[in-house]
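Examining the three-dimensional arrangement
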Amino acid sequence: MTPGVRKAKAAQTRAALLDAARTLFGERGYLNTKITDITAAAGRSTGSFYEHFADKEELLRALLGDIEDAADERLAAQEHPREHDLTDRAQLHAHLEIAWGVMRQHRAIQVAMFQSMVADDPASGRAWQDLSGQTGMLREHLEWLREQGRELPGEPELLAAGMGALLALVSYALPPGGPYTDEQVVDAFTNLLLRGLAG
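Everything numeric here is computed off the predicted structure, so don't read it as measured data.

1. What to know about the pattern of salt bridges
Tallying each qualifying case throughout the model produces 12 salt bridges. The residue R61 makes a salt bridge to D130 at a minimum N-O spacing of 3.2 Å. Of the two residues, R61 is situated in helix α4 (residues 56–76) and D130 in helix α7 (residues 126–134); the sequence distance between them amounts to 69 residues. Judged by its relative accessible area of 11%, D130 is buried. One salt bridge in this structure joins R89 and D187, with 4.0 Å as the shortest N-O distance. Placement of R89 in helix α5 (residues 89–105) and of D187 in helix α10 (residues 182–198) is noted, with a sequence separation of 98 residues between them.

2. Structural notes on the environment of R82
Tracing the sequence through the fold places R82 in the loop between α4 and α5. Here the alpha-carbon distance between R82 and L142, two residues 60 residues apart in the chain, equals 9.1 Å. Apart from residues lying up to four places away in sequence, R82 is in contact with E140, H141, E143, W144 and E147. A polar contact of 2.7 Å, which involves the side chain of R82, links it to the side chain of E147.

3. Section: the packing of helix α1 (residues 3–28) against helix α6 (residues 107–119)
Between two packed helices, the angle of one axis relative to the other and the distance separating the axes together describe the packing. Direction vectors running N to C along α1 and α6 enclose 70°, while the axes themselves pass 8 Å from each other. Taken as axis vectors, α1 and α6 run roughly perpendicular relative to one another. For the pair α1 and α6, the contacting residues are R22, F25 and G26 in the first and A108, I109 and A112 in the second. Looking at the contact of α1 with α6 residue by residue, the class counts come to four nonpolar, one polar and one charged.

4. Focus: the side chain of S116
Among the secondary structure elements, S116 is positioned in helix α6. Here S116 is in contact with Y30, E57, L60 and R126, once residues within four sequence places are set aside.

Definitions and cut-offs
- Going along each chain's sequence as written, the residues are numbered from 1 onward.
- For a predicted model such as this one, the threshold for reporting local features is a pLDDT of at least 70, and the threshold for listing and counting side-chain atom pairs is 80 or more; totals across whole chains, interfaces and linings nevertheless cover every residue.
- Side-chain figures throughout are based on the complete set of non-hydrogen atoms in the structure, without hydrogens or water.
- The rule for a salt bridge is simple: a side-chain nitrogen of Lys or Arg has to be within 4 Å of a carboxyl oxygen of Asp or Glu.
- In DSSP terms, a helix is any run of H or I states spanning at least four residues, a strand is any run of E spanning at least two, and both are numbered starting from the N terminus.
- Only protein chains enter the accessibility calculation, which uses a 1.4 Å probe; a residue is then buried when its area is under 20% of its type maximum, exposed when over 50%, and partly exposed in between.
- By definition, residues are in contact when any of their heavy atoms lie within 4.5 Å.
- Polar contacts, as counted here, are pairs of nitrogen or oxygen atoms within 3.5 Å of one another; within protein the pair requires one atom able to donate a hydrogen and one able to accept it, and residues that are adjacent in sequence qualify only if both atoms are side-chain atoms.
- Where helices are involved, their axes are fitted lines through C-alpha atoms of the stretch in contact, as for all axes, and angles between N-to-C directions lie from 0 to 180°.
- Working definition: roughly parallel below 35 degrees, roughly antiparallel above 145 degrees, roughly perpendicular at 65 to 115 degrees, and oblique for all remaining angles.
- Note on residue categories: nonpolar means Ala, Val, Leu, Ile, Met, Phe, Trp, Tyr, Cys or Pro, charged means Asp, Glu, Lys or Arg, and polar means any other residue, Gly included.

So yeah, pure geometry; function would need other evidence.
Right, here's the structure in full:
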């Protein structure tokens with residue numbers, strides 16, 4: 001095989017493993033899915049898994065990159081300065097709508113991340129690191145509000161992480177197809193968070 005063909009086959013194998021994991025995580029959850037389940041569903045050998053990923057956690061991190069890329073693409077499609085006023089209902093609603101949409105579109109990965117995080121050692125600090133890292137954009141908007149002299153109910157990093165945790169837990173708990181529509185969820189949390197942020 002030429003180097004180009006080998007590279008293409010490796011990319012196909014990696015994509016097959018990621019697709020199989022995404023499907024299985026959605027059906028069984030992260031904790032109930034073994035590496036051998038993923039390789040069998042992908043039609044690949046167990047050895048091929050380890051050519052691409054050190055373990056199941058590394059594969060999950062690659063899938064998480066898909067969520068972050070999707071969110072970045074949605075935000076890049078519109079102007080997104082740091083100077084967003086999250087005490088304005090329309091702006092807060094737009095942010096929550098994007099976050100919720102990405103979470104629901106990638107629910108299997110979101111569920112897997114949540115299960116992985118909960119199964120990890122609480123003293124490791126991983127849960128906080130993940131949560132604060134994934135809500136950096138909200139934190140920046142809240143920091144901007146504070147710089148404008150707006151009174152916030154707490155530190156921007158803590159507030160942003162709390163907002164993200166609220167959405168993530170509800171996304172994890174709410175089964176696909178009901179009992180609430182996406183619009184009901186976004187409206188409810190817009191109203192709840194708006195009262196907390198704007199008073």
